[in-house]
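Now for the letters of each chain:
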Amino acid sequence: MSEVLVAPQAPEATASGVSGARRFWRRLRAQRAAVVAAGIVALLVLVALAAPLLTALEGQDPTTYHPALVDSARGGVPIGSLGGIGADHWLGVEPQTGRDLFARLVYGARVSLGVALAATTVQVFLGVVVGVTAGLGNRWVDQLLSRITDIIVAMPLIIMALALLAVVPSSFPRPVLVSLIIGFVAWGTIGKITRAATLSLKNLDYVAAARLSGWSTWRIARRELLPGLAAPVITYAALMVPANISIEAALSFLGVGVKPPTPSWGQMLTSANVWYQAAPQYLLLPAGALFVTVLALTVFGDGVRTALDPRSASRLRVGTGRKQETKADAGPRTAQPDAAKEGRS
């Protein structure tokens, strides 16, 4: 008897999940700015992944020096117009060293995006584990983990990262180290968000029913809570990626991030701060790439937040398509009044 009553619920749950995903994509597509930002992000990821192919097409690599392409008499300024742009060097060369600027820029995208995504993954994992454990644990566990989370949130990220990067041996891979440090030092906020959402969800009827059925705490968290936590976690994670890119650039700019000869946008900005007059493209190219990446990820993250939670208005005022989004949420409901009339008749 119980099997007969329980079995029909699975298709309904599946249909609900599918319709929820469709509503999400419909709301996201209704926001023109978010769609454009998603295209830019996809293009940047594609460029980062195809960096070896792109540099092979150019015939250059990011580490080879070309001293003949810089004027040593003028302190290493690139020879030629616009920083030495030509058929062999699409964006010119680096001052003093003559390294190809296009190759360093596309390989720098690999480091900046890779570090940001890896750090965000660590932050989400730690924040969700600590937040769910605190929300489902007893009063002592909740108090202990909440105080640890408060300490993590209060820590100055840049100062802690500077201290940790200074004591770790230089033989340790720097991109991996920067990712781990950002992830381990900056998970506090998502931990607090996850704990608050867990406390709200665990009082719902279906979670109480799962407890009465004898489910373990791990099974309740995996089957009942994690699907409900997906929206706030994904929303905040989408906004953490651009912040982590800025942190990696700041650490590299301060000289404690990614070490040469590995290219990084922040490292390029560090080297370019004395060349902004003699070779302005050396400063403008990484700064522009960093600006476009952070802006696109921020707009896309805001679009994801609005699509997952349509009750909260977008913080953007341009290209959000609020009227289109309202129509997308309404869906095909025009037949309802006619049906009501037929019922009355």
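Figured I'd write up the structure that's included with this text.

About the cut-offs
Residues numbered from 1 in each chain as written. Predicted model: local features only at pLDDT ≥ 70, side-chain atom pairs only at ≥ 80, totals over all residues. Heavy atoms only, no water. 1 Å grid on protein atoms, 1.4 Å probe; cavity = no way out; pocket = protein on both sides within 12 Å on 5 of 7 lines; lining within 4 Å. Points joined across faces, edges and corners; volume = space filled by probe spheres on them. Helix = DSSP H or I, 4+ residues; strand = E, 2+ residues; numbered from the N terminus. Buried < 20%, exposed > 50% of the residue type's maximum accessible area, 1.4 Å probe, protein only. Lys, Arg positive; Asp, Glu negative; His and termini not counted. Salt bridge = Lys/Arg side-chain N within 4 Å of Asp/Glu carboxyl O. Polar contact = N/O pair within 3.5 Å; in protein donor to acceptor, adjacent residues only side chain to side chain. Contact = heavy atoms within 4.5 Å. Core = buried A, V, L, I, M, F, W, Y, C linked by side-chain atoms within 4.5 Å. Phe/Tyr/Trp six-rings, centres within 6.5 Å; stacked < 30°, edge-to-face > 60°. Lys NZ or Arg CZ within 6 Å of the ring centre and 35° of its normal. Axes fitted to C-alpha atoms, helices over the stretch in contact; angles between N-to-C directions. Left-handed = near helix turned anticlockwise from the far one by under 90°. Nonpolar A, V, L, I, M, F, W, Y, C, P; charged D, E, K, R; others polar.

### Some remarks on the layout of surface pockets
Part 1 of the reasoning: Each pocket or cavity is described by its volume, and for the second largest pocket that value is around 320 Å³.
Part 2 of the reasoning: Around the second largest pocket sit 17 residues that line it, and Ile234, Ala238, Val241, Phe300 and Val304 are the ones nearest its centre.
Part 3 of the reasoning: Contributing elements (two or more residues each) for the lining of the second largest pocket: helix 3 (32-49), helix 5 (101-136), helix 11 (217-253) and helix 13 (280-308).
Part 4 of the reasoning: Element by element, the count of residues in the lining of the second largest pocket is highest for helix 11, at six residues.

### Here we look at the side chain of Lys202
Part 1 of the reasoning: Mapped onto the fold, Lys202 is located in the loop between helix 9 (188-201) and helix 10 (205-212).
Part 2 of the reasoning: One buried charge, Lys202, has no salt-bridge partner; the nearest side chain with opposite charge is Asp142, at 6.7 Å.
Part 3 of the reasoning: In terms of polar contacts, Lys202 uses its side chain to reach the backbone carbonyl oxygen of Gly135, at 2.8 Å.
Part 4 of the reasoning: Setting aside residues up to four positions removed in sequence, Lys202 forms contacts with Gly135, Leu136, Val207, Arg211 and Leu225.

### As for the nonpolar core
Part 1 of the reasoning: Counting 25 residues, the largest nonpolar core has Ile245, Trp265, Met268, Tyr282 and Leu290 as the members making the most contacts within it.
Part 2 of the reasoning: Only helix 3, helix 5, helix 11, helix 12 (265-272) and helix 13 provide two or more residues apiece to this core.
Part 3 of the reasoning: Residue contributions to this core peak at six residues, all from helix 13.
Part 4 of the reasoning: Of all hydrophobic cores here, the second largest spans 16 residues; its members include Val132, Leu136, Ala210 and Ile220.

### A look at the side chain of Ser264
Part 1 of the reasoning: Turning to its location among the elements, Ser264 is positioned in the loop between helix 11 and helix 12.
Part 2 of the reasoning: At a separation of 2.8 Å, a polar atom in the side chain of Ser264 contacts the side chain of Glu248.

### What about the pattern of salt bridges?
Part 1 of the reasoning: Within the structure shown, the criterion is met by six salt bridges.
Part 2 of the reasoning: Close ionic contact of Asp150 with Arg147 constitutes a salt bridge, the shortest N to O distance being 2.9 Å. Of this pair, Asp150 and Arg147 both sit in helix 6 (residues 139-154), three residues apart, which is roughly one turn of that helix.
Part 3 of the reasoning: On the basis of relative accessible area, Asp150 is assigned to the partly exposed category, the value being 27%.
Part 4 of the reasoning: Looking at Arg147, the relative accessible area reads 42%, which means it is partly exposed.
Part 5 of the reasoning: Between Arg305 and Asp302 there is a salt bridge, and its shortest N-O distance comes to 3.0 Å. Residue Arg305 and its partner Asp302 are located together in helix 13, separated by three residues, close to a single helical turn.
Part 6 of the reasoning: On the accessibility criterion, Arg305 (16% relative accessible area) is buried.
Part 7 of the reasoning: The exposure class assigned to Asp302 is buried, which follows from its relative accessible area of 3%.
Part 8 of the reasoning: Residues joined by salt bridges that share partners form a network here, namely Glu94, Arg99 and Arg104.

### Brief notes about the packing of aromatic side chains
Part 1 of the reasoning: This structure, assessed with the given rule, holds two aromatic pairs.
Part 2 of the reasoning: When the centroid spacing of 5.1 Å and the interplanar angle of 65° are considered together, the rings of Phe24 and Trp25 count as edge-to-face.
Part 3 of the reasoning: When the centroid spacing of 5.0 Å and the interplanar angle of 55° are considered together, the rings of Trp90 and Phe102 count as tilted. With Trp90 in the loop between strand 2 (77-78) and helix 5 and Phe102 in helix 5, this residue pair connects regions lying twelve residues apart in the sequence.
Part 4 of the reasoning: Its end group placed over the ring of Trp140, Arg139 keeps NZ or CZ at 4.7 Å from the ring centre.

### Topic: unusual backbone geometry
Part 1 of the reasoning: Even without being glycine, Gln96 reaches a positive phi, approximately 70°.
Part 2 of the reasoning: Along the chain, Gln96 falls in the loop between strand 2 and helix 5.
Part 3 of the reasoning: Judged by relative accessible area, Gln96 falls into the exposed class, the value being 54%.

### Some thoughts on the packing of helix 6 against helix 9
Part 1 of the reasoning: Where helix 6 contacts helix 9, the axes come no closer than 8 Å and their chain directions differ by 145°. Between helix 6 and helix 9 lies a crossing of left-handed hand. Residues Asp142, Ser146, Thr149, Asp150, Ile152 and Val153 of helix 6 pack against Gly188, Thr189, Lys192 and Arg195 of helix 9.
Part 2 of the reasoning: A class-by-class count of the residues in the contact of helix 6 with helix 9 yields two nonpolar, four polar and four charged.

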